[in-house]
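Residues per chain, in single letters:
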Amino acid sequence: MISQRHESASFESPTKTPLVQGVWQGIQRTIGIKETGKEALWLNDLRQLVSVLPSTPLGIRDCALLVTGWAGALRRSELIGLDVEHIRFTRDGLVVTIEHSKTDQQGAGQLIALPYGSNRATCPVRSMQEWMSKSGITSGPIFRRMDRHGNMYDRLTAQSVRLIVQKYCDKAGLSANSYGAHSLRSGFCSTAAKAGKSEHQIMRQTRHRQSTSLQRYIKYGTIFEDNAASGIGL
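What counts and how
- Residues numbered from 1 in each chain as written.
- Predicted model: local features only at pLDDT ≥ 70, side-chain atom pairs only at ≥ 80, totals over all residues.
- Heavy atoms only, no water.
- Salt bridge = Lys/Arg side-chain N within 4 Å of Asp/Glu carboxyl O.
- Buried < 20%, exposed > 50% of the residue type's maximum accessible area, 1.4 Å probe, protein only.
- Phe/Tyr/Trp six-rings, centres within 6.5 Å; stacked < 30°, edge-to-face > 60°.
- Helix = DSSP H or I, 4+ residues; strand = E, 2+ residues; numbered from the N terminus.

**Q** What is the right way to read the pattern of salt bridges from this model?
**A** Side chains carrying opposite charge are able to pair once their charged atoms draw close together. One pass over the structure, following the stated rule, counts 7 salt bridges. The salt bridge partner of arginine 75 is glutamate 78, with a shortest N-O separation of 2.8 Å. Using a relative accessible area of 15% as the deciding quantity, one classes arginine 75 as buried. Linking arginine 145 and aspartate 154 is a salt bridge whose minimum nitrogen-to-oxygen distance equals 2.6 Å. What emerges from the salt-bridge pattern is a single network uniting Arg75, Glu78 and Arg207.

**Q** Is there a simple way to explain the packing of aromatic side chains in this structure?
**A** Each aromatic ring pair is summarised here by two numbers: the centre-to-centre distance and the angle between the ring planes. This structure, assessed with the given rule, holds 1 aromatic pair. Between tryptophan 70 and phenylalanine 188, the ring centres sit 5.6 Å apart and the planes meet at 85 degrees, which makes this aromatic pair edge-to-face. Remark: phenylalanine 188 occurs in helix α8 (residues 182-194) and tryptophan 70 occurs in helix α4 (residues 57-71); sequence separation between them is 118 residues. An identical accessibility class is assigned to tryptophan 70 and phenylalanine 188; each is buried.

Below, the structure written as structure tokens:
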């Protein structure tokens, strides 16, 4: 931001000077550069969450939210921003249109394909079909606030996604505080990498602009693959 402001005003960026870079390197040596965040929600974890969902309208909504968010590698703002007009069921699965996102600020629109899953419980297409049928929603927000009686209100907030993830993590016996809304997206990336999906395939789903942003998920997902400590007789 500092660099951009200076360059847009036709001034040389101070962030490139030896003094500033020296200070920045000193800060990195002092506090480290390790990135910390929430745990990835792997596919097996997602299955655990789905297994504890109640067979109520609220449970059906939350199933669709969790599975769609995971399979689409959606950011929480993208997930709660989905309207009925943004989805289309086809013979091959579900096509989701993301009108605005972090990597599409101008609103050109991005398409995400969610194929039928082999496991009924974690199939994004069937879970969305069930929610749309049960809720009776025909336009506007797909994921809405609900009370315990099943009455629906306005659109869920981004904060709600974190609370829903943590609620079912707790019910499934996982450490709820270790997970959040981003766990759905990172869990997809790590699981896909471990399953042997290429970087290009994963980036098509996540819509990362640069592979460097994706590398930490791929590295974590494949950390035990071709490991030097395995197969040596330990």
